[in-house]
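Okay, here's what each chain looks like letter by letter:
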Amino acid sequence: DVKVTQSSRYLVKRTGEKVFLECVQDMDHENMFWYRQDPGLGLRLIYFSYDVKMKEKGDIPEGYSVSREKKERFSLILESASTNQTSMYLCASRPQGNYGYTFGSGTRLTVV
Amino acid sequence: QQQVKQSPQSLIVQKGGISIINCAYENTAFDYFPWYQQFPGKGPALLIAIRPDVSEKKEGRFTISFNKSAKQFSLHIMDSQPGDSATYFCAATLNNDMRFGAGTRLTVKP
């Protein structure tokens, strides 16, 4: 089975901190995604990447950046964390030519 | 701009009953419509999916009904079980653009 691993289940950070969320997939998928999940809003796409060093903005990229230096790893960066970025963050991957997304278990981030 | 609208927000069903969750989409270019199931503390997992050239797809107790002209699709869970209690998300996809509904929290009472 494809595995998408997010490095932290829970994180508490202070306002203004730089925050790194890490995601690793083990099945050589080309496409990787970062979503945030908020009650009543479903999942909203922050950024995605279709290849190493490539990135595309999703619907809500403001306040975030991403890095994909290796195919298996996709990092989400909160440049200066704010309280409105308190959320559940989900990483996903899928292979080229297949719509089967695999999600990680999520990182619940609290910014205080 | 919500491109996929999902209802109801929450649903309570008795064990053995039928659970029905509905979704409507706007973009006729979407070409893949999955449903995801999410248990607390876990990421969403693909449950069942359909392409728009098919009107119905059944996998075990789970059925997707698809109405292309109405731009609507629904998930039916037959013989609902307490273990089905979870949050369900519909989605509509085109390439790397997957739009999710807001989710339905299903509770199946024993």
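Describe in detail the sheet that holds strand 7 (residues 62-67) of chain B, supporting the description with residues and values.
Residue and element names in this part refer to chain B. Taking strand neighbours across the sheet as the criterion, the five strands line up as 1-3-8-7-6 in an open arrangement whose pairing is antiparallel. Of all the strands in the sheet, the pair left with one neighbour each is strand 1 (4-7) and strand 6 (56-59). Neighbour-to-neighbour, the strand axes of this sheet turn through a mean angle of 15°, independent of strand direction. Bridge analysis of strand 3 (residues 19-25) against strand 8 (residues 72-77) gives six bridges, and the strand direction is antiparallel. Each bridged residue has a counterpart across the sheet, and for Ala24 the counterpart in strand 8 is Gln72.

Run through the nonpolar core, naming residues and quoting values.
All names here are of chain B. Ranked by size, the top nonpolar core spans 24 residues in total, and within it Phe33, Trp35, Phe73, Leu75 and Tyr88 carry the most contacts. Contributions of two or more residues to this core are made by strand 2 (10-14), strand 3, strand 4 (33-38), strand 5 (45-50), strand 7, strand 8, strand 9 (86-94) and strand 11 (104-109). The element that contributes the greatest number of residues to this core is strand 9, accounting for four residues.

Run through the sheet that holds strand 8 (residues 73-78) of chain A, naming residues and quoting values.
Residues and elements named next belong to chain A. One open sheet holds the four strands; their spatial order is 1-3-8-7, and the pairing between them is antiparallel. Unpaired on one side and paired on the other, strand 1 (4-6) and strand 7 (64-70) mark the two borders of the sheet. For this sheet, the mean angle separating the axes of adjacent strands, direction not counted, is 20°. Taken together, the six bridges between strand 3 (residues 19-25) and strand 8 define a ladder with antiparallel strand orientation. Across the sheet, Val19 pairs through a bridge with Leu78, a residue of strand 8.

Quick one: what's the story with the state of the cysteines, residue by residue and with numbers?
Applying the stated rule across the entire model yields two disulfides over all chains. For Cys23(A), the disulfide goes to Cys91(A), at an S-S distance of 1.9 Å. Torsion about the S-S bond of the Cys23(A) and Cys91(A) cystine: about -75°, corresponding to left-handed handedness. Separated by 68 residues along the polypeptide, Cys23(A) in strand 3 and Cys91(A) in strand 9 (residues 87-94) bring together distant segments of the chain. Considered together, Cys23(A) and Cys91(A) belong to a single accessibility category, that of buried residues. Bridging Cys23(B) to Cys90(B), the disulfide has an S-S length of 1.8 Å. Between Cys23(B) and Cys90(B) the disulfide shows an S-S torsion of about -95°. By sign, it is left-handed. Of the two residues, Cys23(B) sits in strand 3 while Cys90(B) sits in strand 9, which places them 67 residues apart along the sequence.

Quick notes on the rules
All residue numbers here refer to positions counted from 1 along the written sequence of the relevant chain. Key to labels: chains lettered from A, ligands numbered from 1, both in the order written. For a predicted model such as this one, the threshold for reporting local features is a pLDDT of at least 70, and the threshold for listing and counting side-chain atom pairs is 80 or more; totals across whole chains, interfaces and linings nevertheless cover every residue. Hydrogen atoms and water are omitted, and side-chain values are computed over all heavy atoms in the structure. The rule for pairing is simple: two strands pair if DSSP sees at least two bridges between them. Numbering of helices and strands runs from the N terminus; a helix is a DSSP stretch of H or I covering at least four residues, while a strand is a stretch of E covering at least two. Inter-axis angles, ranging from 0 to 180 degrees, are taken between N-to-C directions of lines fitted to C-alpha atoms, where helices are fitted over the stretch in contact. Nine residue types can take part in a nonpolar core, namely buried Ala, Val, Leu, Ile, Met, Phe, Trp, Tyr and Cys, and a core is a set of them joined through side-chain atoms within 4.5 Å. Each residue's exposure class comes from its accessible area (1.4 Å probe, protein chains only) as a fraction of the maximum for that residue type: buried when under 20%, exposed when over 50%, partly exposed otherwise. When two cysteine sulfur atoms lie within 2.5 Å, the pair is treated as a disulfide.

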